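Chain by chain, the residues run as shown.
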Amino acid sequence: MKRFLSVILSAVLLLTAFIPCVYAKNDSASLKFDENGKFKIMLIADTHYTDQVYDECTEFFNLVLDDEKPDLVVFMGDNVKGYWVGSTPMSVKSAISQLVEPVAERNIPYTAIYGNHDYQTLVAKSLQTKYFNMYDSCIMENGYTYLHRKANCSYLIKDSKGEKDIYNLITLDSGTKDAEEKLMPVLTQQIDWYKETVSSLKEKNGGEVIPSIVFQHIPIYEVEKLFEKSDETNENAVKCSAIANPGYYVLKDGVDGELRGSPKVPYTNTGEYDAFAQMGDVKGVFFAHDHKNTYCGTTDDGIMLGAVPTSSFQSSGDNDLRGVRIIELDENDLNKIETRCVFYEDYKDEDVSWKGGNYP
Ligand SMILES: [Fe+2]
């Protein structure tokens, strides 16, 4: 009898994993600069969650969310550990639930993009999007879809009076590796979608472009615009083997943060950066994937490029650089982006159950 009941229970649980969750009650219309004209975004990247989430990750997110009080959280991809042996739709749903819970229980709007490891789960990304939408404050949509590229979206932020859309947040699905294990680029179809979206917003805005930020998992091809060639005799130089022009590099003057390992950019350039520069709306591009890089600087075209480190202890990384990135916008100067990282290290003195560096 016991066995029979457990089979029934398992079947019911498995079925519920496939039932679409309640869809978002909030939408991007809820995004608005606050009464002081500010809008704060918190980026959480490469958490590589399973259904066994470390307490310290949840505790860290709780502390930072309470201190920073962001207006939006963006999960930057590799949200779940797609290579996790034995994962099921139920356990992936549980992993996503535990990931978004600290944000959702504070009723903070959130969205997500997909990383290469999110492609590896047995759960279709459209279903993962539904799992993200299990809480009311989720604004994530499947958005523009081309082949497997999902959650290509534009989320508009209204001014502090709630009257006019004045800022645009663009999320792109930067894909995964191809059959030869090479990182795919953002596809030209996605770039076309981006251009059409921006043109249409510009038209609706009386011919004036709406400034924007782009979020994607894989670093943009042009990251080396922030680097300066060096050589291996320079002890500060980093061997960058997975960028367009491999070699030893240091960060250019004026670039903040750390270059700890080679950024891993797509194997080819589909013209994404040039499209951003041509359209003139993109003020910043933020990306993840490399886990231990935090560099951030502005190119000669006026586009800020910023790396987000891993935000959990459940992925590889450098322990002193595990944390989140904060972005602050000001409606009185929409060309300006203020940004910084907040690390676990910053909270070491708090009463948190640090395990530190337990990389499974
Ligand atoms: Fe990752």
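Residues numbered from 1 in each chain as written. Predicted model: local features only at pLDDT ≥ 70, side-chain atom pairs only at ≥ 80, totals over all residues.

### Let's talk about the packing of helix 5 (residues 188-204) against helix 6 (residues 272-279)
We count it as follows: Note on geometry: axes are C-alpha line fits, over the in-contact stretch for helices, and angles between N-to-C directions span 0 to 180 degrees. Helix and strand assignments follow DSSP, with helices taken as H or I runs no shorter than four residues and strands as E runs no shorter than two, numbered in order from the N terminus. Here is the rule for angles: anything less than 35 degrees is roughly parallel, anything more than 145 is roughly antiparallel, 65 through 115 is roughly perpendicular, and the remaining ranges are oblique. Any residue pair is listed as a contact if its two C-beta atoms, each placed from the backbone, are within 7 Å. Residues are grouped as follows: Ala, Val, Leu, Ile, Met, Phe, Trp, Tyr, Cys and Pro are nonpolar; Asp, Glu, Lys and Arg are charged; all remaining types, including Gly, are polar.
Contact geometry of helix 5 with helix 6 gives a least axis separation of 10 Å together with a crossing angle of 10°. What the angle tells us is that helix 5 and helix 6 run roughly parallel. Of the residues in helix 6, those in contact with Ile 191, Tyr 194, Lys 195 and Val 198 of helix 5 are Glu 272, Ala 275 and Met 279. Residue composition of the contact of helix 5 with helix 6, by class: five nonpolar, no polar and two charged.

### Looking at the sheet that holds strand 7 (residues 212-215)
Here is the rule we go by: Strands were regarded as paired on the criterion that DSSP finds at least two bridges between them.
Strand order in this open sheet of seven strands is 4-5-6-7-11-13-12, and the pairing throughout is mixed. At either end of the open sheet lies a strand with only one pairing partner, and these are strand 4 (144-146) and strand 12 (296-298). Strand-to-strand twist across the sheet, computed as the mean angle between neighbouring axes with direction ignored, equals 15°. Running over the sheet, helix 5 touches strand 4, strand 5 (149-158) and strand 6 (165-171) and is turned about 20° from strand 5.

### Looking at the sheet that holds strand 14 (residues 323-330)
Strands sit in the order 3-2-1-14-15 across an open sheet of five strands; the sheet is mixed. The sheet is open, and its two borders are formed by strand 3 (110-112) and strand 15 (337-343), each paired with just one other strand. Strand-to-strand twist in this sheet, taken as the mean axis angle between neighbours without regard to direction, amounts to 20°.

### Some points on helix 2 (residues 55-68)
Just so we agree on the cut-off: Given a helix with a known number of residues, its expected span is that number minus one, times 1.5 Å. Any residue surrounded by 20 or more other C-beta atoms within 10 Å of its C-beta is treated as buried, while 12 or fewer makes it exposed and the intermediate range makes it partly exposed; C-beta atoms here are placed from the backbone. The arc in question is formed by the directions pointing from the helix axis toward the C-beta atoms.
Taking 1.5 Å of rise per residue, 14 residues should cover 20 Å, and helix 2 covers 20 Å from first to last C-alpha, within 8% of that figure. Every buried residue of helix 2 is accounted for by Glu 56, Cys 57, Phe 60, Phe 61 and Val 64. Buried residues of helix 2 fall within an arc of 135° about the axis and therefore sit on the same side. Opposite the buried face of helix 2, at more than 90 degrees from it, the exposed residues are Asp 55 and Asp 66. Those residues of helix 2 hidden inside the fold are in contact with helix 3 (89-104), strand 14 and strand 15. Once helix 2 ends, the next one or two residues include Lys 69, with phi positive near 45°.

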